[in-house]
Amino acid sequence: MNVIEMNQVTKVFGKHHALDGLDLAVKSGEVFGFIGPNGAGKSTTIRVLLGMLRATNGSATIFGKDVWRDAVEIHRRIAYVPGDVNLWPQLTGGEVIDLFASLQGQMNERKRDELLARFQLDPTKKCRTYSKGNRQKVALVAAFASDAELFLLDEPTSGLDPLMENIFQQCVAEVKAEGKTVLLSSHILSEVEKLCDRVGIIRQGRLIECGTLNELRHLTRMRLTVETRVPIESLASWKGVHSVEQTNTGWAFQADADEMEAIMRKLSEHGIQKIESASPTLEDLFMRHYEETVESRKA
């Protein structure tokens, strides 16, 4: 069952298409990573899902309900954390957390107190005294202490130190274990890679790749380091070879998966003495698509 469904959604601001026929589906109980360069349409997508923006065309549903028409009903079942939290300056952090709880209807007080301790947040201080990181903590405590079924997290760890990022990752793993659903938009690719069941890459308002990490990795390149008995003058002209760097003892490069057999044959002709390979990371995949975007714009 899909908790989130977006079909051919467009959002136009003047002449700019922030979303351009976006198709997106997030399954119940999964953590879905949503990544892309700045301006790709991540935050616009989340605002459409929240009913903060009305789509120009297309349809978008959460729990099978229309995100614009049924926004109030949907909001009772979701938690949202933006990347830049603005709070009421005269209220304390604890008062804001309780206010958010009253808007949704209920909060687990034991869980709230546990999260305050884990995130090392003093709830008695006025929000005007909080740093950016502490404002994020207020929103995260309110979200994870709620009984939400869906968590929409848009750059939620912005301003957090590495220790608090680790606490956040634990919280995501815990709500997933409870069968909850998470849409995580993040620039921290290692975080997405660690937490997410599936990943979607958005570019220019369209979802260009979507799948599990294993499903996506066959689309990108292996990283190889090789030493040969007979020196290789250059690898740069070889088909399927990219990002070539000469090392003290050989070459380091990336290789297209579909050209790997031919590349290995050519390397063997030079007498392979040592070879190391590494599976591509999510960052490799993301950067490849980002570089392709830049190159297409230059063209």
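Residues numbered from 1 in each chain as written. Predicted model: local features only at pLDDT ≥ 70, side-chain atom pairs only at ≥ 80, totals over all residues. Heavy atoms only, no water.

J.: So what about the pattern of salt bridges? Which residues, and what values?
T.: Any two side chains of opposite charge can pair, given that their charged atoms come close. This model, assessed by the stated rule, comprises 17 salt bridges. Salt bridges linked by common partners bring Arg110, Glu114, Arg118 and Glu174 together as one network. (Salt bridge = Lys/Arg side-chain N within 4 Å of Asp/Glu carboxyl O.)

J.: Tell me about the nonpolar core, residues and numbers included.
T.: By size, the foremost hydrophobic cluster in this structure holds 47 residues, and its most contacted members are Phe144, Phe151 and Leu153. Take this core: its biggest share by element is seven residues, from helix α5 (residues 132–144). For leucine 153, the contacting residues outside a window of four places in its chain are Ile46, Val81, Phe144, Phe168, Val172, Val182, Leu183, Leu184 and Ser185. Counting residues in each nonpolar core, the second largest holds 25 residues, with Val3, Leu22, Val48 and Leu152 among its members. (Core = buried A, V, L, I, M, F, W, Y, C linked by side-chain atoms within 4.5 Å. Buried < 20%, exposed > 50% of the residue type's maximum accessible area, 1.4 Å probe, protein only. Helix = DSSP H or I, 4+ residues; strand = E, 2+ residues; numbered from the N terminus. Contact = heavy atoms within 4.5 Å.)

J.: Give a description of the sheet that holds strand β13 (residues 251–256) that names residues and reports values.
T.: Ordered in space as β12-β13-β11-β14, the four strands form an open sheet in which the pairing is antiparallel. Taken across any chain shown, the strands that pair with only one partner, and hence form the sheet edges, are β12 (241–246) and β14 (272–278). Between one strand axis and the next, the sheet turns by 20 degrees as a mean value, whatever way the strands run. Bridging between strand β11 (residues 221–228) and β13 involves six bridges; their strand directions are antiparallel. Bridged to threonine 225 within β13 is alanine 252. (Pairing = 2+ DSSP bridges. Axes fitted to C-alpha atoms, helices over the stretch in contact; angles between N-to-C directions.)

J.: Lay out the pairing of β12 with the relevant residues and their values.
T.: Every regular strand shows the same layout, with side chains that alternate between the two sheet faces. Where β12 lies against β13, four bridges are found, and the strand directions are antiparallel. Across the sheet, residue valine 241 finds its bridge partner in β13, namely alanine 255. Where β12 folds back on β13, the antiparallel hairpin that results is connected by four residues.

J.: Please provide a residue-by-residue account of helix α1 (residues 42–49), values included.
T.: Note that an α-helix has 3.6 residues per turn; residues three or four places apart therefore point the same way. The element α1 is extensively covered by neighbouring structure, given that six of its eight residues are classed as buried. Within α1, burial applies to Lys42, Thr44, Thr45, Ile46, Val48 and Leu49. Looking one or two places after α1, you find glycine 51, whose phi comes out positive at around 80 degrees.

J.: Could you give me a rundown of the domain arrangement of the chain, with the residues and numbers involved?
T.: Domain annotation for the chain reports domain 1 (2–216) and domain 2 (221–278). Each of domain 1 and domain 2 has a C-alpha centre, and these two points are 42 Å apart. (Domains from an automatic or database assignment.)

J.: Can you tell me about unusual backbone geometry, naming the residues and giving the values?
T.: In this structure, glutamine 120 takes a positive phi of about 55 degrees despite not being glycine. Take glutamine 120: it is sitting in the loop between α4 (109–118) and α5. Assessed through its relative accessible area of 55%, glutamine 120 is described here as exposed. The phi angle at glutamate 155 is positive, at roughly 55 degrees, despite the residue not being glycine. Within the secondary structure layout, glutamate 155 lies in the loop between β7 (150–154) and α6 (162–177). Judged by relative accessible area, which is 18%, glutamate 155 ranks as buried.

J.: Which residues make up the side chain of aspartate 154, and what values do they have?
T.: The topology assignment puts aspartate 154 in strand β7. Buried and without a salt bridge, aspartate 154 has arginine 47 as its closest oppositely charged side chain, separated by 5.5 Å. Discounting chain neighbours no more than four positions away, the residues touching aspartate 154 are Ser43, Ile46, Tyr80, Val81, Pro82, Gly83 and Ser185. (Lys, Arg positive; Asp, Glu negative; His and termini not counted.)

J.: Lay out the environment of glycine 159 with the relevant residues and their values.
T.: Relative to the assigned elements, glycine 159 resides in the loop between β7 and α6. Between the alpha carbons of glycine 159 and leucine 50 there is a distance of 23 Å; along the sequence they are 109 residues apart. Setting aside chain neighbours within four positions, we find glycine 159 in contact with Lys132 and Gly133.

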